[in-house]
Every structure is written in C-alpha cells, then in structure tokens.
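# Residue-level structure breakdown
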Amino acid sequence: MVSIFSLIFILIGGVASGLLSSVASMASLASYPVLLAVGIPPVYANVTSDAALIWTSIGSTISSTKELKGHWHQVAFYSIFTIVGSLIGCRLLLAFPSSVFEKVVPIFIAGSGVLVIVSGKHHSLEPHKRPLWQEIFYIAALLGMGVYTGYFGAAGGVIVLVLLTYITDEKFIVVNAIKNVICGLANLVALIVFIFTSRIYWLQAIPLAIGMFIGGYLGMDILRKVPAKYVRIFIATLAFIQAGYFFYKAYML
C-alpha cells in the first residue's frame, strides 16, 4: 500500500519532471530518482516513468497551441519517422539488453549538449533551398532518434530538438513545441509496447502523470519569458550532468 505522503512526493516529483521535460527534455532527471525513492526497482522505475511521460507532452501541447498553429503538417510528417523508429527500438530492446548501448550513451548525451549550444548559432536554409542529400540525412536521423527513444531514451528529446533546429527555420520556442509533440507520440508507442511486455506500477504512475501534465503545461510559459540563449545553456548543463552520471555508471562501477 502506497502512503499518502508517497503519493504527494511523487506528484511534486512529477511537476518537476514535467518542467524539465517541456523545457529541457530531461524528465528522467526527476522522475527516475523519485520512483526509486518510493521503492520501485530500477528497471520498472524506467518503464513507469515512460508510462507517465506522455502526459507532459499533452500538457505542453495544450499550452503551446499558439506556437504550433500552422505547423501541424510538420508535426505529422516528422512524427511518422520517430514513431516507426520507436517501434523498431522497442523491438530491439526486447531482443537485446540495453547494456549493449550503455557505454556509448554518455558520449552521445555529452555531444548533444554541445550541439544544443552550437545549433543556436547556425542559420538554417529554407527547406526548399537545401540539397536533397541533406533532407534525406535529417529524416534518417529522426528515424534513428525514434529507434533510440524506444530502445534507451536518455536525452533523446535533446537530440531531436537539435535535429529540428537544423531541419526547420523556426524560432526556438516553436521548435521546442514541435519536439514535445513528436517525442510524446514516440513515447506513447513505447508505452503501448511496454504495457504488454513489462510491468508498470500504475498506482505510482498516476500521480506522476498528473504532476507531469502540470509541469508540461507550465513549462511552455517559462520558455516564453526566458531568452532562448539561457534555455540552451540550461539544457546543455543538464545534458552534461546526465552524461556524467551514465559515464560513471558504465565505466566506473
């Protein structure tokens, strides 16, 4: 039986996680340790966190209808590739242990932190002016990120954010809103797969989801008020912290 204090603790953790997800694509920095703290085993804490995570995307999507106006065709197009990739990633996770990828992940995440900062200085060409090979590369990269989300997932949203920054010529807040939707759809696919293949602690997932919805909704308001430059620095800092954690876990333990 879960105590009322544990449920409140999870709810607060969910709000923090939703804020981190909508602003910096780093939900697991809050949700994962919160679930561990209430006694959920590590492997199931990760799955339970994913079960609640889609509510962050719902909250942030409702809050960012202004930014998403006129961009739903982009959302639909990009989502196709991340959803297909997520299905492939889930299938790989069932066939191979995630430990196969653990030693590469820290480098991957640290690189994404660097790219978040660098991408703020680029000047994207309008889509119709880019060469075909570049378009194909970006789409293939989105498919690859869908696979990564379904298979491992850590900081996947950050890398999707970087890709969308290069693919589109939209403002940072619009790109972030698009990212929240397509990552949410990829996570939804992963959740459906995990419902039938793993165990989800639903009693803990519900308050976490409520908190994530609130945090996801509030996160977009924060993004409207904070200059993109500082948001990028914040995201990069969290990416480096998470990379350090996975580096320690993969190489030092």
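The structure presented is a predicted model; accordingly, all values stated were derived computationally and were not measured.

## Regarding a nonpolar patch on the surface
- Nonpolar side chains collect at one region of the surface, where Trp-55, Ile-58, Ile-62, Ile-206, Ile-210, Ile-214, Tyr-217 and Leu-218 lie side by side and expose about 700 Å² of accessible area between them.
- Of all the secondary structure elements, the ones that give two or more residues to the nonpolar patch are α3 (42-63) and α10 (202-225).
- Per element, the largest residue contribution to the nonpolar patch is five residues, and it comes from α10.
- Topologically, Tyr-217 is positioned in helix α10.
- Among the residues examined, Tyr-217 registers a relative accessible area of 36% and is labelled partly exposed.

## A few points about the packing of aromatic side chains
- Counted by the stated rule, this structure contains six aromatic pairs.
- Aromatic pair Trp-55 and Phe-213: ring centres 6.4 Å apart, planes at 65°, arrangement edge-to-face. Of this pair, Trp-55 sits in helix α3 while Phe-213 sits in helix α10, and the two are 158 residues apart along the sequence.
- Ring centres of Phe-137 and Tyr-138 lie 5.9 Å apart, and the angle between their planes is 55°; on these two criteria the pair is classed as tilted.
- Accessibility expressed as a relative area gives 10% for Tyr-138, which makes it buried.
- The structure contains a cluster of three or more aromatic residues connected by ring pairs, namely Phe-77, Tyr-78 and Phe-81.

## Some details on the pattern of salt bridges
- Taken as a whole and judged by the stated rule, the model has two salt bridges.
- For the salt bridge of Glu-67 with Arg-224, the shortest nitrogen-to-oxygen distance reads 2.9 Å. Note that Glu-67 is positioned in helix α4 (residues 65-68) and Arg-224 in helix α10, a separation of 157 residues in sequence.
- Residue class for Arg-224 comes out partly exposed when judged on its relative accessible area of 34%.
- Of the charged contacts, one joins Arg-224 and Asp-221 as a salt bridge, the two residues approaching to 2.7 Å between their closest N and O atoms.

## Side note on the packing of helix α1 (residues 4-24) against helix α2 (residues 28-37)
- Put simply, α1 and α2 touch, their axes get as near as 7 Å, and they point 160° apart. Here α1 is positioned roughly antiparallel relative to α2, judged by the angle of their axes. When you trace α1 past α2, the crossing you get is left-handed. Each of Phe-9, Ile-10, Gly-13, Ala-16, Ser-17 and Leu-20 in α1 lies in contact with α2, whose residues at this interface are Leu-29, Ala-30, Ser-31, Val-34 and Ala-37.
- Across the contact of α1 with α2, the residue classes tally to eight nonpolar, three polar and no charged.

## Some points on the nonpolar core
- The biggest cluster of nonpolar side chains holds 41 residues, and the ones touching the most others in it are Leu-164, Ile-178 and Ile-235.
- Breaking this core down by element, the ones donating at least two residues are α1, α5 (72-95), α6 (105-119), α7 (132-151), α8 (156-167), α9 (172-197), α10 and α11 (228-252).
- Residues in contact with Leu-164, not counting those within four places in the same chain, are Tyr-78, Val-175, Ile-178, Lys-179 and Ile-182.
- Counting 13 residues, the second largest nonpolar core, distinct from the first, contains Leu-35, Ala-52, Tyr-201 and Met-212.

## What to know about α11
- Here α11 spans 35 Å end to end across 25 residues, near enough to the 36 Å set by a 1.5 Å rise per residue.
- When we look at burial in α11, the residues that qualify are Val-231, Arg-232, Ile-235, Ala-236, Leu-238, Ala-239, Gln-242, Ala-243, Phe-246 and Ala-250.

## Details of the side chain of Lys-179
- Considering the arrangement of structural elements, one finds Lys-179 in helix α9.
- Apart from the residues lying within four places of it in its own chain, the contact partners of Lys-179 are Ser-21, Ser-22, Ser-25, Gly-157, Val-160, Leu-161 and Leu-164.

## Some words on the environment of Thr-61
- Positionally, Thr-61 belongs in helix α3.
- The exposure class assigned to Thr-61 is buried, which follows from its relative accessible area of 18%.
- In sequence terms Thr-61 and Asn-180 are 119 residues apart; their C-alpha atoms lie 7.1 Å from each other.
- Ignoring sequence-local partners within four residues, the contact set of Thr-61 consists of Leu-68, Trp-72 and Val-181.

## A look at α1
- Helix length check: α1 (21 residues) gives 29 Å between terminal C-alpha atoms against 30 Å at 1.5 Å per residue, within 8%.
- Of all the residues in α1, the buried ones are Ile-10, Gly-13, Gly-14, Ser-17, Gly-18, Leu-20, Ser-21, Ser-22, Val-23 and Ala-24.
- Check the buried side of α1 and you find it contacts α2, α3, α8, α9, α10 and α11.
- Of the residues flanking the end of α1, it is Ser-25, one or two places downstream, whose phi is positive at about 60°.

Scoring rules and cut-offs
Residues numbered from 1 in each chain as written. Predicted model: local features only at pLDDT ≥ 70, side-chain atom pairs only at ≥ 80, totals over all residues. Heavy atoms only, no water. Patch = residues over 30% accessible without salt bridge, like charges linked within 9 Å, V, L, I, M, F, W, Y side chains within 5 Å. Areas by Shrake-Rupley, 256 points an atom, 1.4 Å probe, with all protein chains shown as cover. Salt bridge = Lys/Arg side-chain N within 4 Å of Asp/Glu carboxyl O. Helix = DSSP H or I, 4+ residues; strand = E, 2+ residues; numbered from the N terminus. Buried < 20%, exposed > 50% of the residue type's maximum accessible area, 1.4 Å probe, protein only. Phe/Tyr/Trp six-rings, centres within 6.5 Å; stacked < 30°, edge-to-face > 60°. Axes fitted to C-alpha atoms, helices over the stretch in contact; angles between N-to-C directions. Parallel < 35°, antiparallel > 145°, perpendicular 65-115°, else oblique. Left-handed = near helix turned anticlockwise from the far one by under 90°. Contact = heavy atoms within 4.5 Å. Nonpolar A, V, L, I, M, F, W, Y, C, P; charged D, E, K, R; others polar. Core = buried A, V, L, I, M, F, W, Y, C linked by side-chain atoms within 4.5 Å. Expected span 1.5 Å × (residues − 1).

Read these as spatial facts, not as claims about activity.
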